[in-house]
Every structure is written in structure tokens, then in C-alpha cells.
Amino acid sequence: MNTDVLIIGAGIIGAACAEALAARGVQVTIVEQDAIGSGATAAGMGHLVVMDDNAAELALSSYSLALWREFVGAAPARHEYSRCGTIWVAADDEEMDAARAKGDILRANGIDCTLLNAVALYEREPALRPGLAGGLLVSGDGLVYPPKSARLLLERAMANGTQLVMGKVASLLHDGVTTAGVLLADGRELRADTVVLACGSRSAALVPELPVQPKKGHVAITDRYPGFIRHQLVELGYIKSAHAASGDSVAFNLQPRPTGQILIGSSRQFGTEDLAVEPAMMARMLRHAASFTPALAGLNLLRCWTGMRAASPDGLPLIGPHPARPGLWLATGHEGLGITTSLATAHLLASQLLNDRPAIAAEPYLPARFTALANHGGVQ
Ligand SMILES: Cc1cc2nc3c(=O)[nH]c(=O)nc-3n(C[C@H](O)[C@H](O)[C@H](O)COP(=O)(O)OP(=O)(O)OC[C@H]3O[C@@H](n4cnc5c(N)ncnc54)[C@H](O)[C@@H]3O)c2cc1C
């Protein structure tokens, strides 16, 4: 089989890339070893959130949020979309200063947000524990059910001629100096002019020099309690724990699903690829969540699970050509923001591949920023 672009991995990133490329007339084949959207995409919380730890993250997430609102607009229920908004909860005066500073940055970038004092916070979210200082409401944020969105993206790609191949990619194929396709574990060879690696936390299994490592996260979901909370609630302290480069941490992150269920996140752990739920880590995460919303402790938990984020050293994804392997492109390393940034990733990748002008600058996300890739010896 010959194809213009072959994408490895049908998580939200691979599916979004297939959709964007197929919509521009590219002949795409996408290879998936498991169910569509079953990796980190199924494990994640699906919070569509503008993040502003640095200018590049803000540019990518806010551009992607705009694309999401357009994408879900026609059929929000099919994505289980809700424009719930995010409240960044400030525990004390110091975090209130952080909320104010965050609000200034977001407003300067055209993002609607409102500073909430304590009274305004409790009016909106009475289940929060007493004594909090306030928060910042970002009203354009929302949520989706990611595996459904991944399937919808792939459906659109397939309607534009994308072929789905079920199989595990065992290795990349090389043709002299360029990547020329993939070899599947069952012996099939798929040839392509361009290969896009979109394997999430498994990316380094095929391209070992990638500076991407798994970061495990626990999540739990309750029975239905409509109205328990109304916005996605995230502690401002989350930012510190989310970007720690080592060590285990938990952060308060609570989501009101459209079903009335409460999705509880999340933990961060390095140095393990074992997806087993760890009772001690789960207990720590739940205790921390209940310290913000005490009545949570009385709700029934239905299920808990884990997933692996693909973490890059600088917290930004790798989107663009591998600097030392012609024909190989990367769309990976999205860490805890890959649902949000999937659509912008796909547009950036398609613009680069087709030599269009991208809507935002591509440079901050180029894989060439990592010397481990730039200095790699090429095809091996
Ligand atoms: C606990 C947790 C909470 C999160 N919460 C959020 C959130 O609220 N908001 C947000 O924006 N992001 C969130 N994320 C991050 C988000 O889920 C990921 O960034 C995103 O799903 C990554 O998508 P992906 O397509 O790169 O990876 P994946 O979804 O893992 O997809 C990769 C695919 O590649 C396939 N694959 C791998 N190797 C091969 C191979 N050799 N051959 C064939 N197929 C292969 C896999 O089977 C898989 O389907 C969260 C992540 C976790 C773990």
C-alpha cells in the first residue's frame, strides 16, 4: 500500500492530524494497534483549558480552544461537550495575587476571564470548603469526552479518503536516507512519502532518541450528582505540581461531567510505565480533593483508572519534522494538554507539511529545539 502520509497512532493527536490532512486532499493512512482513542486519550479528563505558563503554551492552547468551539459547535452532544468554564481556586492571598496576574495575562491575550472574590466564588460553587480567598473564572474553557471526539475526527478523515489499518508498528522502514514507511508486527509493510509519529507515551519505543517520557496519572469518577459543582475547579497550586520534572504529586482538579458525574483528578508520577491503579496514590489524590470539597468524601466512586502522559523536557509538544531523519515527522509530547491542543497541533503539522502559513508561529514546538534529535545520526 502506498500513501502520501502515514500516521502511527489513532489517539486524539493522530486522529486530528488525519482529519486536517485529509481535508486538504492528502492521501492518509493511519495505523492503530488498539481501539481508536484508547490510550491517554481515553484516560484523560477532557478539560479544554487555556494554559499560560509561557507564551508558546498560551498561543497553542488558546488557538486550539477556538478550533474546538468551531468543531463541536455543530454537534456538541456528540462530543459530550460542555462550556463549563474553569475556576482557578485561590486558597489564600498569595494565590489570589497569582489569580490576578493570570487574569491580566489572559485578558491581554483576548481571553475572557473574571476575578472572583470569596463571596462570588461561593455563590458559584457552594461545595467548596469555607475560608478560600477567591478565584479566577475563565468562561471559554470547556470539556469533551475525548474518545468520542477522536472517533469523530477519524470519521471525518475517513469520509475524506483516509484509510485505517489495524496493526502494531514494529519499526520504521528506511529507503537509503529517508523514512519510507513502517513494518507491522505481522510482517506487512506500509510505504509512504511521509511518516507521522503520533504514539503518545509510546513514541520513544519507535524513535529511541525522543526526549519524551511517560508521566502517570490517576483519575476517578463518581456516581451521578447533578449540580454538585458547575465549573471545572482547579487549584492554583496545580501549576506547581503539574510542571514538576520529578517526584510524585497530586492536585485538586474536579470536573462536572454532563452526565452529572464528578471526574476527580489527578496525580503525576515519573519512573513507571505500570498502568495499575496504586491505592496509596489514589487515596492521596482523593483526600486532597476532599480537602477542597469536603462533601466529596460522602459520594460513591464508580471507577478509577490511570493513563500515561507523554512528557517533554520543556513541557511543550514536538510538532514538525525530525531534524535528522528525513521523511519522519513528529506530533507527540503533549503531556497533560493533548486533548486541548490536538486541533492546533493538527493544523500546525498540516501547514508545515503543505508549506502553508500557519495561524500561529510553529517555531516553539519544532522538534529541532532538542539537541538529542538535532545531533542524532539520522537513519539507523
Ligand atoms: C490522567 C490524565 C489526565 C489528562 N487530562 C487532560 C485534560 O483534562 N485535558 C487535556 O487537554 N489533556 C489531558 N490529558 C492529556 C491527554 O490525554 C494526552 O495529551 C492526549 O490524549 C495524547 O494523545 P495522543 O494521541 O498523543 O496519545 P494516545 O491517546 O496515547 O494515542 C496514541 C495511540 O498510538 C497507538 N500506538 C502506540 N504505539 C503504537 C504502535 N507501535 N503501533 C500502532 N499504534 C500505536 C496507541 O495504541 C494509542 O492509541 C490527560 C492525560 C492523563 C493521563
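Residues numbered from 1 in each chain as written. Predicted model: local features only at pLDDT ≥ 70, side-chain atom pairs only at ≥ 80, totals over all residues.

Glancing now at the overall build of the chain. Summing up its helical and strand segments, the chain has 11 helices and 18 strands in all. Computed over the C-alpha atoms, the radius of gyration of the chain is 21 Å, within 12% of the 21 Å expected from 2.2 N^0.38 for a compact globule of 380 residues. For the chain, the proportion of contacts with a sequence separation of at least 24, taken over those separated by at least 6, is 73%. (Helix = DSSP H or I, 4+ residues; strand = E, 2+ residues; numbered from the N terminus. Rg over C-alpha atoms; globule rule 2.2 N^0.38 Å. Contact = placed C-beta atoms within 7 Å.)

Helix α6 (residues 146-159) packs onto helix α1 (residues 12-23) with a crossing angle of 25° between their chain directions and a minimal axis gap of 8 Å. Taken as axis vectors, α1 and α6 run roughly parallel relative to one another. Of the two elements, α1 crosses α6, and the hand of that crossing is left-handed. Two secondary-structure elements touch here, α1 through I12, A15, A16, A18, E19 and A22 and α6 through P146, S149, A150, L153, L154, R156 and A157. Its residues placed into classes, the contact of α1 with α6 shows 10 nonpolar, one polar and two charged. (Axes fitted to C-alpha atoms, helices over the stretch in contact; angles between N-to-C directions. Parallel < 35°, antiparallel > 145°, perpendicular 65-115°, else oblique. Left-handed = near helix turned anticlockwise from the far one by under 90°. Nonpolar A, V, L, I, M, F, W, Y, C, P; charged D, E, K, R; others polar.)

When cut into domains, the chain gives domain 1 (2-44 + 146-211 + 314-374) and domain 2 (84-141 + 213-311). Computed from C-alpha atoms alone, the centre-to-centre distance between domain 1 and domain 2 is 30 Å. Between domain 1 and domain 2, the contact holds 12 residues from the first and 12 residues from the second. Residues belonging to the side of domain 1 that touches domain 2 are distributed by class as follows: two nonpolar, nine polar and one charged. (Domains from an automatic or database assignment.)

The next thing to look at is the nonpolar core. Side chains of a nonpolar character, in soluble globular proteins, are inclined to be buried together. Counting 103 residues, the largest nonpolar core has C17 and V196 as its most contacted members. A total of nine residues in this core trace back to one element, the largest contributor, which is α1. Setting aside chain neighbours within four positions, we find C17 in contact with I7, V196, A198, A331, A346 and L349. (Core = buried A, V, L, I, M, F, W, Y, C linked by C-beta atoms within 7 Å. Buried ≥ 20, exposed ≤ 12 C-beta atoms within 10 Å, placed from the backbone.)

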